[in-house]
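An overview of the molecular structure
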Amino acid sequence: MGGIKVSFLVLCGVFSSLCEGQEAPGILWDPAHRLSWSDFKALPPADSQVAATTASGIAYSFSAMEEGREMKVDWSVASYFYPESSWYRPELANANILSHEQLHFDISELFARRMREKIRGFRFTSEVKAEMRAIYNETIEEMREFQRRYDAETNYSRAEDKQREWNRMIAESLKITRD
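Residues numbered from 1 in each chain as written. Predicted model: local features only at pLDDT ≥ 70, side-chain atom pairs only at ≥ 80, totals over all residues. Heavy atoms only, no water.

Before going further, it helps to examine the overall build of the protein chain. Of the regular secondary structure elements, the protein chain holds three helices and seven strands. Burial analysis of the protein chain (179 residues in total) assigns 46% to the buried set. (Helix = DSSP H or I, 4+ residues; strand = E, 2+ residues; numbered from the N terminus. Buried < 20%, exposed > 50% of the residue type's maximum accessible area, 1.4 Å probe, protein only.)

Here we come to the nonpolar core. Counting 36 residues, the largest nonpolar core has Ile 58, Val 73, Ile 107, Met 115, Phe 124 and Ile 170 as the members making the most contacts within it. Only β5 (55-67), β6 (70-81), α1 (95-120), α2 (128-154) and α3 (160-174) provide two or more residues apiece to this core. Broken down by element, the residue count for this core peaks at 10 residues, all from α1. With residues up to four places along the chain from it excluded, the contact list for Phe 124 reads Met 71, Val 73, Ile 119, Glu 131, Met 132 and Ile 135. Residues Ala 55, Ala 59, Ala 78 and Tyr 80 belong to the second largest nonpolar core, which totals five residues. (Core = buried A, V, L, I, M, F, W, Y, C linked by side-chain atoms within 4.5 Å. Contact = heavy atoms within 4.5 Å.)

The next thing to look at is the pairing of β6. In the sheet, strand β3 (residues 27-28) pairs with β6 via two bridges, with the strands oriented antiparallel. In the sheet register, Ile 27 faces β6, and the bridge partner there is Phe 81. Bridge count between β5 and β6: 12 bridges; the pairing is antiparallel. Residue pairing for β6: Tyr 60 is matched across the bridge by Val 77. Taking the residues that link successive antiparallel strands as the turn, the β5-β6 hairpin has two residues, and the phi of Gly 68 there is positive, at about 65°. (Pairing = 2+ DSSP bridges.)

Given below as structure tokens:
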């Protein structure tokens, strides 16, 4: 069978544990870049009492070519922070809340890594688009649940001891050091 080449780019943002599409990538996750309040560009909603919201998520792209009976897939998976959809209230902002918001972004990276592992171990067929989407959907659902658990256990950063525990756990998972 002749070569079939398919290319796709999918982006997903997490807003308070909800998934929504984004039009363009924002800040690519990098262990050397820690968020600062200046990264949060959106205006807070007038009717919200929340201190801050981080929009972050996973993006993937791939192209596939069928060679004989095998599907050759080139792919990439990345996590992004979306400044234009992230906001904070300066009067409520503090270092603990920023740490909480940073961890939402770090969790996106953790699940981007998990998605990469799933893809590495997958043998794609001519249904690569559906297979990639299934891996993505499974990863996003796992990430949503993890983000919900994080917010619940830390009481949205108010349980400072739990927040520090989560900071250490995620840093260890990502093998990054924090001050």
